[in-house]
Amino acid sequence: AAQPSEGRVTVNTDLFTIELDRKGADLRFASLKQYAVSLDDKSAFTLMSDQAPYLFLAQSGFSGQNVTAPTHHDVFTSASNRYQIADYAQELRVPFVWEKEGIKVEKTYSFNRGSYVICLEVKVTNQSGQTWQASPYTQLVRNNYDPSASFWLPTYTGGALYDPVNKFDKYDITDVTKQPISQDSTGGWLAMLQHYFLAAVVPASDATVHYYGKALDDNRMALGMVAQPLVIASGASATNSVHLFVGPKLQNELEALALGLDLVVDYGVLAFMATPMFWVIEFLNNMVEPLSGLWSWGWAIILVTILLKAVFYKLSEAGYK
């Protein structure tokens, strides 16, 4: 079903076309300008959307008992309906504001040129005359639709969770229907995965958070995290930030963002062979790319094949004999 909307704010950067909704300041749509739908269809690939058959969005808000604070159901205001990263600018900030009973919440999305990492910063200013306390949460919601999946080569579509103790685990809608997720951790991350692409929520590496996952119905699941409560005296303010990664499974960028995030590229039981082979092919690709351009991966594969033949030459020779 279509998600309720209070008006969209469109954001254009060098990598993204993003739509943020004033209802909750949700991230409702993300297309990737550097990735085409297919060889025949050159339009930008849609990763996140709330229009059928898609349902893949990011939401945030606050939870707490008897507290004045917005959830993802509340309506924010925005100064403009459209934002565009300026030529030669490195950053674009898109702010939303919610105010009620002396509590002001400013939710700001920050986009950086050349990066699939989006910073979500939430600042709370308390002018209510009393101490304010609530816990910020961020969650991803999606269904099972994956436009890049193949009938002949099925791939995983669903959630994933990483924490320093339990490491990397996948949770699809069947898993969270049988057993909802509820666990505390310091650091870690959560993600929704599909073939080639993902969206992830990454808190600070030293942040203590509560991870949760649940089925919303037979075809929808939510995977989220609740941070420690913000306790703000009257007249003071406080900020909470998380990073969102929305884009392709680029291992180097994922590894740089958070420990273990590169595990979303899951080689399975063949990881002991695939990981070093990928390192070699990427190294060769970087070497030949200045000479061969778009064909560099093809030449890198040929060179890896030659290297493997050389490494196993004596074994092959003995086999022929």
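Residue numbers here run from 1 along each chain, matching the order of that chain's written sequence. A pLDDT threshold of at least 70 governs which residues receive local features in this predicted model, and a stricter bar of 80 or more applies before side-chain atom pairs are shown or counted, although totals over entire chains, interfaces and linings include all residues. To get the side-chain values, take all heavy atoms of the structure and skip hydrogens and water.

A. The overall build of the chain, seen in detail. A count of helices and strands for the chain gives 5 helices and 19 strands. Based on the C-alpha atoms only, the size of the chain along its principal axes is roughly 90 × 45 × 35 Å. Burial classes follow relative accessibility: with a 1.4 Å probe on protein chains only, a residue under 20% of its type's maximum area counts as buried, one over 50% as exposed, and anything between as partly exposed. A burial count over the chain gives 45% of its 321 residues as buried. Entry remark: accessible area of the chain is about 16900 Å², with carbon and sulfur atoms responsible for 56%. Put simply, DSSP H or I for four residues or longer makes a helix, DSSP E for two residues or longer makes a strand, and each gets a number counted from the N terminus. Note on areas: these come from Shrake-Rupley sampling with a 1.4 Å probe, and a residue is covered only by the protein chains present in the view.

B. A look at the pairing of strand β19 (residues 237–248). Direction of pairing for strand β9 (residues 117–126) relative to β19: antiparallel, over a ladder of 9 bridges. Residue pairing across strands places valine 117 opposite phenylalanine 245, the latter belonging to β19. Sheet topology note: the strand β15 (residues 197–202)/β19 ladder contains 6 bridges and is antiparallel. The residue of β19 that forms the bridge with alanine 199 is valine 246. Here, a strand pair is defined by DSSP locating no fewer than two bridges between the strands.

C. A look at the environment of lysine 23. Note on placement: lysine 23 falls in the loop between β2 (16–21) and β3 (26–36). For the pair formed by lysine 23 and arginine 82, sequence separation is 59 residues and the distance between their alpha carbons is 16 Å. Polar contact is defined as a pair of N or O atoms within 3.5 Å, subject to the rule that within protein one atom must be able to donate a hydrogen and the other to accept it, and that residues adjacent in sequence are counted only when both atoms are side-chain atoms. A polar contact of 3.0 Å, which involves the side chain of lysine 23, links it to the backbone oxygen of histidine 73.

D. How the structure looks around the nonpolar core. To form a nonpolar core, buried Ala, Val, Leu, Ile, Met, Phe, Trp, Tyr and Cys residues must be joined to one another through side-chain atoms within 4.5 Å. Of all hydrophobic cores here, the largest spans 74 residues; its most connected members are Leu27 and Trp189. Broken down by element, the residue count for this core peaks at 6 residues, all from β15. For this analysis, residues touch if any pair of their heavy atoms sits within 4.5 Å. Ignoring any residue separated from it by four or fewer positions in sequence, one finds leucine 27 in contact with Ile18, Glu19, Leu20, Met48, Leu57, Ala58, Tyr109, Ile118 and Leu244.

E. Just the packing of aromatic side chains, in detail. To pair, rings of Phe, Tyr and Trp, with the six-membered ring standing in for Trp, must have centres within 6.5 Å; the planes then decide the type, stacked if under 30 degrees apart, edge-to-face if over 60, and tilted in the middle. All told, the structure shown has 12 aromatic pairs when counted by the stated rule. Here the aromatic rings of tyrosine 54 and tyrosine 145 are separated by 5.0 Å at their centres, their planes lie at 85°, and the arrangement is edge-to-face. With tyrosine 54 in the loop between β4 (44–48) and β5 (56–63) and tyrosine 145 in the loop between β10 (132–143) and β11 (158–163), the pair connects residues that are 91 residues apart, well separated along the chain. Centroid distance phenylalanine 62 to tryptophan 132: 5.4 Å. Interplanar angle 80°. Geometry classified as edge-to-face.

F. Spatial organisation of the pattern of salt bridges. By convention in these notes, a salt bridge is any Lys or Arg side-chain nitrogen within 4 Å of a carboxyl oxygen on Asp or Glu. The final tally for this structure, using the stated rule, is 9 salt bridges. Across the pair aspartate 21 and arginine 8 runs a salt bridge whose closest N-O atoms are separated by 2.6 Å. Taken together, the residues aspartate 21 in strand β2 and arginine 8 in strand β1 (residues 8–12) connect sequence positions 13 residues apart. The class of aspartate 21 is buried, set by a relative accessible area of 0%. Measuring nitrogen to oxygen at the nearest pair gives 3.2 Å for the salt bridge that ties aspartate 26 to arginine 28. Assigned by exposure class, aspartate 26 and arginine 28 land together as buried. Each member of the salt-bridge network shares a partner with another, and the members are Arg8, Glu19, Asp21, Asp26, Arg28 and Asp50.

G. Looking closely at the side chain of glutamine 194. Within the element layout of this structure, glutamine 194 appears in the loop between β14 (189–193) and β15. With relative accessibility at 1%, the residue glutamine 194 sits in the buried group. A polar contact is formed between the side chain of glutamine 194 and the side chain of arginine 142, at a distance of 2.9 Å.

By themselves, these figures tell us nothing about what the structure is for.
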